[in-house]
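A closer look at the structure
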Amino acid sequence: MIPNKIVIHHSASGKETTMEQINEWHKARFNFPSSFGSYVGYHYVIENSGKVYQCRRDNELGAHSVPNDGKIGVCLVGNFQKDFPSDAQIASLEKVVNELKKVYNITEVLGHRDYNPTECPGDNLYKIILQWRVSWLRKLIQEIIKRLKINA
């Protein structure tokens, strides 16, 4: 699989949910192990503390947003339909997303709801994703204008 999109999720569970719990849920639901031995369908999971777990290789097929081909799944632990992600989670998410964008030249960073009928990643996280998109779009427009001025 060649990664070309990043899809953001929430676990829709309490912020105290552990990586082990998510692994057991996904083992029971998908039974689709990664080359790391994890059953988590996301490529990355970010706990409330900001700790990041890589559960699948970036080029490995996930189980998080049908169709999964080309999509790297990043899940923040919590229910962001009700709560807000922690500052540590947002900082870690931004770091992971920026690194993946750079390594794979990814331009699409979307919420799970952009692909499937779901509330995921929750309104409170989705608003942050939308703000990032606007910021990235502004930077792209500024770069295009800069290039046009240089070539004029």
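This is a predicted model, so every value here is computed, not measured.

**As for the overall build of the protein**
Helices and strands together make up the secondary structure of the protein, namely three helices and five strands. Ordering the α and β elements of the protein from the N terminus gives β-α-β-β-β-α-β-α. For 152 residues, the compact-globule estimate of 2.2 N^0.38 gives 15 Å, and the C-alpha radius of gyration of the protein, at 16 Å, lies within 12% of that figure. The buried share of the protein, reckoned over its 152 residues, is 47%. Pairs at least 24 apart in sequence give 64% of the contacts found in the protein among residues at least 6 apart. When the accessible surface of the protein is summed, it comes to about 8,600 Å², and 53% of that surface belongs to carbon and sulfur atoms. Considering the protein, the positive charge centre built from 20 side chains and the negative charge centre built from 16 side chains are found 6 Å apart.

**So, the nonpolar core**
One finds Ile6, Ile8, Val74, Leu76, Leu93, Val97 and Leu125 to be the most contacted residues of the largest nonpolar core, which totals 21 residues. Setting aside its immediate chain neighbours within four residues, Ile6 contacts Ile72, Val74, Val97, Leu100, Lys101, Ile106, Glu108, Val109 and Leu110. Listed in part, the eight residues of the second largest apolar core include Met19, Ile22, Val45 and Cys75.

**Quick notes on the pattern of salt bridges**
Taken as a whole, this structure holds four salt bridges when the rule is applied. Note that Lys5 and Glu108 form a salt bridge whose closest N and O atoms lie 3.8 Å from each other. Of this pair, Lys5 sits in strand β1 (residues 5–10) while Glu108 sits in strand β5 (residues 108–111), and the two are 103 residues apart along the sequence. For the salt bridge of Arg147 with Glu143, the shortest nitrogen-to-oxygen distance reads 3.1 Å. Within this pair, Arg147 and its partner Glu143 are both found in helix α3 (residues 123–151), separated by four residues, close to a single helical turn. By relative accessible area, which is 52% here, Arg147 ends up exposed. Taking the relative accessible area as the measure of exposure, Glu143 reaches 32% and is therefore partly exposed.

**Brief notes about the sheet that holds strand β4 (residues 71–76)**
Strand order in the open sheet formed by five strands is β3-β2-β4-β1-β5, with mixed pairing between adjacent strands. If you trace the sheet from one side to the other, it starts and ends with β3 (52–54) and β5, each paired once. Mean inter-strand twist for the sheet, computed between neighbouring axes without regard to direction, equals 20°. Across six bridges, β1 lies against β4 in parallel orientation. Looking at β4, one finds that His9 is bridged to Cys75.

**Quick word on α3**
Here α3 spans 42 Å end to end across 29 residues, near enough to the 42 Å set by a 1.5 Å rise per residue. Listed in full, the buried residues belonging to α3 are Asn124, Leu125, Tyr126, Ile128, Ile129, Trp132 and Trp136. Buried residues belonging to α3 abut β1, β4, α2 (87–104) and β5.

**Remarks on unusual backbone geometry**
The general pattern is negative phi for most residues beyond glycine and trans for most peptide bonds. Put simply, Val66 and Pro67 share a cis peptide bond, and its omega is -10°. Here Pro67 is to be found in the loop between β3 and β4. Between Cys120 and the following residue, Pro121, the backbone shows a cis peptide bond with an omega angle of 15°. Mapped onto the elements of the fold, Pro121 is located in the loop between β5 and α3. Phi angles above zero are rare outside glycine, and Ala12 is one such case at about 60°. By the element assignment, Ala12 lies in the loop between β1 and α1 (19–29). By relative accessible area, which is 48% here, Ala12 ends up partly exposed.

Reading the values: the criteria
Residues numbered from 1 in each chain as written. Predicted model: local features only at pLDDT ≥ 70, side-chain atom pairs only at ≥ 80, totals over all residues. Heavy atoms only, no water. Helix = DSSP H or I, 4+ residues; strand = E, 2+ residues; numbered from the N terminus. Rg over C-alpha atoms; globule rule 2.2 N^0.38 Å. Buried < 20%, exposed > 50% of the residue type's maximum accessible area, 1.4 Å probe, protein only. Contact = heavy atoms within 4.5 Å. Areas by Shrake-Rupley, 256 points an atom, 1.4 Å probe, with all protein chains shown as cover. Lys, Arg positive; Asp, Glu negative; His and termini not counted. Charge placed at Lys NZ, Arg CZ, Asp CG, Glu CD. Core = buried A, V, L, I, M, F, W, Y, C linked by side-chain atoms within 4.5 Å. Salt bridge = Lys/Arg side-chain N within 4 Å of Asp/Glu carboxyl O. Pairing = 2+ DSSP bridges. Axes fitted to C-alpha atoms, helices over the stretch in contact; angles between N-to-C directions. Expected span 1.5 Å × (residues − 1).

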